[in-house]
Amino acid sequence: MDSYTQYFNTDFLAGLFANWTLGPEILFIILGIVFILIWGLSLGRTRALVSLLAIYIAYVIETLFPYLSYINDGLNLNYDISFIRIGLFFAAYIIVFAILNGSVVKVRLTMGESSLMIVGLISMLQLGLLISIIINNLSAAILRQAPEFILPFFYGQQVLFVWFLIPIASLLFIKKD
């Protein structure tokens, strides 16, 4: 019984959150989560799934795009190639989302009258997937500036793979009304 009471001890909880500060990183994360939830809810149920599919397709396009160095050299851009990759990903995402949103795919992915909790879940999974894609495209110099507690959750090939699987697995448990 004593092992369970330690979790309700205020000293234990104070020690658990002792190193947490409400600095700019935490505020930025909270703002990002609120933004994504509002964005996901404003998209609606069906468009949230279309958006999720567009993220998958845009990532494939960005990963397989063979002309990044030509674009960087041809336009005389002096940016890190990681920023060009991220820009290409978002450009591909916007284009693919617009195409899918006006196609037959939107009708096939309709979720009917799904609850707001499901739409919020899909939005949070999109946020995690987007953060993981962006962080995995950043250069090592930029990653050194990122908060250390974020990297284990979003950086690495295995973590990216998990973020790609979680939305698919969650869709298996969402019942179509």
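Above: the structure in question.
Everything quoted here is computed from the prediction, not taken from an experiment.

Draft legend 1. Region of interest: the packing of aromatic side chains. Under the defined criterion, the tally for this structure stands at seven aromatic pairs. Look at Phe-65 and Tyr-67: their rings are 5.7 Å apart centre to centre, the planes differ by 80 degrees, and that puts the pair in the edge-to-face class. When its relative accessible area of 25% is taken as the criterion, Phe-65 is described as partly exposed. Accessibility expressed as a relative area gives 47% for Tyr-67, which makes it partly exposed. Ring plane angle 70 degrees and centroid distance 5.2 Å describe the contact between Phe-89 and Phe-90, whose orientation is recorded as edge-to-face. Given the relative accessible area of 31%, Phe-90 is considered partly exposed. Among the aromatic residues, ring-to-ring pairing joins Tyr-56, Tyr-59 and Phe-164 into one connected group.

Draft legend 2. A look at a nonpolar patch on the surface. A surface patch of nonpolar side chains, amounting to about 430 Å² of accessible area, comprises Phe-161, Val-162, Leu-165, Ile-166 and Ile-168. Tracing the backbone through its elements, the reader meets Val-162 in helix H11 (residues 157-173).

Cut-offs applied
- Residues numbered from 1 in each chain as written.
- Predicted model: local features only at pLDDT ≥ 70, side-chain atom pairs only at ≥ 80, totals over all residues.
- Heavy atoms only, no water.
- Phe/Tyr/Trp six-rings, centres within 6.5 Å; stacked < 30°, edge-to-face > 60°.
- Buried < 20%, exposed > 50% of the residue type's maximum accessible area, 1.4 Å probe, protein only.
- Patch = residues over 30% accessible without salt bridge, like charges linked within 9 Å, V, L, I, M, F, W, Y side chains within 5 Å.
- Areas by Shrake-Rupley, 256 points an atom, 1.4 Å probe, with all protein chains shown as cover.
- Salt bridge = Lys/Arg side-chain N within 4 Å of Asp/Glu carboxyl O.
- Helix = DSSP H or I, 4+ residues; strand = E, 2+ residues; numbered from the N terminus.

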